[in-house]
Protein chains: 2
Amino acid sequence: MQVINTIAGIKELKRNLKGTVGFVPTMGYLHAGHIALVKQAKAENDISAVSIFVNPTQFGPKEDFKTYPRDINRDLAMLEPYTDIVFIPADKEMYPAGYNTWVEVNEITDVLEGAVRPGHFKGVTTVVNKLFNIVQPDKAYFGQKDAQQAAVIKKMARDLNMPLEVVVCPTIREPDGLAMSSRNTYLTPEMRKGAPVLYQSLQKAKAMIEAGEKTVADIRREMTSMIIKETLATIEYISFADNETLKEIHTIKPPVLISMAVKFGKTRLIDNIVIK
Amino acid sequence: MQVINTIAGIKELKRNLKGTVGFVPTMGYLHAGHIALVKQAKAENDISAVSIFVNPTQFGPKEDFKTYPRDINRDLAMLEPYTDIVFIPADKEMYPAGYNTWVEVNEITDVLEGAVRPGHFKGVTTVVNKLFNIVQPDKAYFGQKDAQQAAVIKKMARDLNMPLEVVVCPTIREPDGLAMSSRNTYLTPEMRKGAPVLYQSLQKAKAMIEAGEKTVADIRREMTSMIIKETLATIEYISFADNETLKEIHTIKPPVLISMAVKFGKTRLIDNIVIK
């Protein structure tokens, strides 16, 4: 496993490499969800590459950029068995003085996470575009947990004709159903105990739809009443949307993305399922 | 020379190609300025590629997109001796239904041409980013005549870490000094006769600076009085700027970009020189 901190270092290394590259961009503080992506990248390509970069431009001014959890040594130990190249740039390597270019996907970034976190996806698409250009992978791997992010990155890559394939991999969950996330570390033990309610409510929605329910308002009401029983939980949104356009729907017509953001104290958790 | 109309066609062709690629993006209606770029692309690379695409997204709603001169057969005949690959996509190939991703360079796009043509450079950077991703050249060639465009594209490629080199080539001029431009065809014979005043005024500025003049206001006054003697000419701007940041200066301190836009009737001509 080679650890590289500069863009020039990656480009130099790539010049002498042969074979396909599978790439997993991360913000570090890795969990089993990331490792599943890396394993798949390694299985499907000759070389696996991972980046660790807490991207400042995708955090809002009141968000948790400074406190976002970081532990590079732990990350490297977790990556070691599956990873050939790790890219860990400094902020100034990615955004030198005078940096001024932005990549933006419109419309599907206005809803859900984009509505609550203005500018977030502009930061995401910009940094991912840069990382794609630096690493030049054949395939790049993202988790379904960040469903909108995956859709936005797929759209960017397709619209800009980027020469790679974006692969979206299933959400990895704790045994009790909570989706793996670096931000789970923010939860107090009491919050952590209630957090599986997100997935439970998604499973409830799935069961209702399988039983023939078509009215989104009725399903959302059931989900809401489940979640508000957790007294520490505050619902930010529960969305039923077309899985590609992310436009809200009122009657179930697969494929449907059911997604949600729920706050426990200051910690926002997101989760989703796709009904096919 | 292979003529290809689809993105898939270019990607397929590239898979089987070996060697370096030099790329010249154009809007067609070629002149000796374009051909000089293609010759240089061919001289410096194994393969020369040219695109012909009148990009709708870089024209304002009141600009000349519909009337922009087009003559593909003439273009192909001019390219044939120097060109290996010509890419001529339809509008819908580049911007299919639902297209929604934009690449934007801020700040240096707010001045000069960008100030007069809002949204112009957003269209330019987006289409050039796409073309770079489609053709994946080693080097891309642009003319110094569009000095701000060249600076903006260099900035985009550098900021986004695009894996190629942007090469800027000297302006090619008619014998009387008029910079070659596809839009010169709009000029009436009378306007055409007066059009060399742009270059003459730039040469005057250069001579004044070489003689020790440092005050921009004095040089601009001389240039203005030369140009307004052409009764068909209307000055849009005469700019003295830092050649990299494009910030206006008031005292000559090389490298200086002296650039101008002058209208003859509805036809805007631009020209520039760099004082090193």
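All residue numbers here refer to positions counted from 1 along the written sequence of the relevant chain. Ligands are numbered from 1 and chains lettered from A, in the order in which they are written. Side-chain atom pairs in this predicted model are given and counted only at pLDDT of 80 or more, local residue features only at pLDDT of at least 70, and totals for whole chains, interfaces and linings cover all residues. In computing side-chain values, all of the structure's heavy atoms are included and hydrogens and water are not.

## Thoughts on the pairing of strand S7 (residues 165-169) of chain B
Residues and elements named next belong to chain B.
Item 1. With 5 bridges joining them, strand S6 (residues 139-143) and S7 adopt parallel strand pairing. Residue pairing for S7: lysine 139 is matched across the bridge by glutamate 165.
Item 2. By definition, the crossover connecting two strands over a helix is right-handed if that path, from the first strand to the second, turns clockwise as seen with the strands pointing away from the viewer. Put simply, DSSP H or I for four residues or longer makes a helix, DSSP E for two residues or longer makes a strand, and each gets a number counted from the N terminus. In terms of handedness, the path from S6 via helix H7 (residues 147-159) over to S7 forms a crossover that is right-handed. By this definition, two strands are paired if DSSP reports at least two bridges between them.

## Some thoughts on the side chain of Glu113(B)
Item 1. Of note, Glu113(B) is situated in helix H5 (residues 112-116).
Item 2. Two N or O atoms form a polar contact when they lie within 3.5 Å of each other; inside protein one atom must be a possible hydrogen donor and the other a possible acceptor, and for residues adjacent in sequence the pair counts only when both atoms belong to side chains. Here the side chain of Glu113(B) touches Tyr237(B) through a polar contact of 2.5 Å, side chain to side chain.

## A short note on the interface of chain A and chain B
Item 1. Two residues form a contact once any of their heavy atoms are found within 4.5 Å. Across the boundary between the two partners, chain A contributes 24 residues, which contact 24 residues of chain B.
Item 2. Take the accessible area each of two parts loses on contact, using a 1.4 Å probe, and add the two losses: that sum is the buried area. Buried area between chain A and chain B, both sides added, is near 2200 Å², and the carbon and sulfur share of it is 42%.
Item 3. Ranking the residues of chain A by area buried against chain B places Asn100(A), Leu160(A) and Asn161(A) at the top, with a combined share of 27%.
Item 4. Each reported salt bridge corresponds to a side-chain nitrogen of Lys or Arg within 4 Å of a carboxyl oxygen of Asp or Glu. Where chain A touches chain B, the interface holds 0 salt bridges.
Item 5. Where chain A touches chain B, the interface holds 20 residue pairs in polar contact (both at pLDDT 80 or more).
Item 6. Of all the secondary-structure elements, those providing two or more residues to the side of chain A that touches chain B are helix H1 (7-15), strand S5 (101-105), helix H6 (120-135) and helix H7 (147-159) of chain A.
Item 7. It is S5(A) that provides the largest number of residues to the side of chain A that touches chain B, a total of 5 residues.
Item 8. Along the lines of polarity and charge, the residues of the side of chain A that touches chain B split into 10 nonpolar, 8 polar and 6 charged.
Item 9. Here S5(A) runs beside strand S5 (residues 101-105) of chain B; their pairing, made up of 5 bridges, is antiparallel. The residue bridging Val105(A) from the neighbouring strand is Thr101(B), located in S5(B). Note on residue classes: Ala, Val, Leu, Ile, Met, Phe, Trp, Tyr, Cys and Pro are nonpolar, Asp, Glu, Lys and Arg are charged, and everything else, Gly too, is polar.

## Considering helix H10 (residues 216-228) of chain B
All names here are of chain B.
Item 1. Between its terminal C-alpha atoms H10 stretches 18 Å, which fits the 18 Å expected from 13 residues at 1.5 Å a residue.
Item 2. All of the buried residues along H10 are Val216, Ile219, Met223 and Ile227. Down the axis of H10, the buried set is contained in an arc of 70°. They therefore lie on one face. Relative to its buried face, H10 has exposed residues pointing more than 90 degrees away, namely Arg221 and Ile228. In a helix, the anticipated span is given by 1.5 Å times the number of residues less one. Relative accessibility thresholds used throughout: buried, under 20% of the residue-type maximum; exposed, over 50%; partly exposed, between the two (1.4 Å probe, protein chains only). The arc in question is formed by the directions pointing from the helix axis toward the C-beta atoms.

## Remarks on helix H2 (residues 32-44) of chain A
Residues lying three or four places apart along an α-helix face the same way, a consequence of the helix completing one turn every 3.6 residues.
All names here are of chain A.
Item 1. Helix length check: H2 (13 residues) gives 18 Å between terminal C-alpha atoms against 18 Å at 1.5 Å per residue, within 8%.
Item 2. Of all the residues in H2, the buried ones are Gly33, His34, Ile35, Leu37, Val38 and Ala41.
Item 3. Buried positions along H2 lie against strand S2 (21-26), strand S3 (47-52), helix H3 (72-79), strand S6 (139-143) and strand S7 (165-169).

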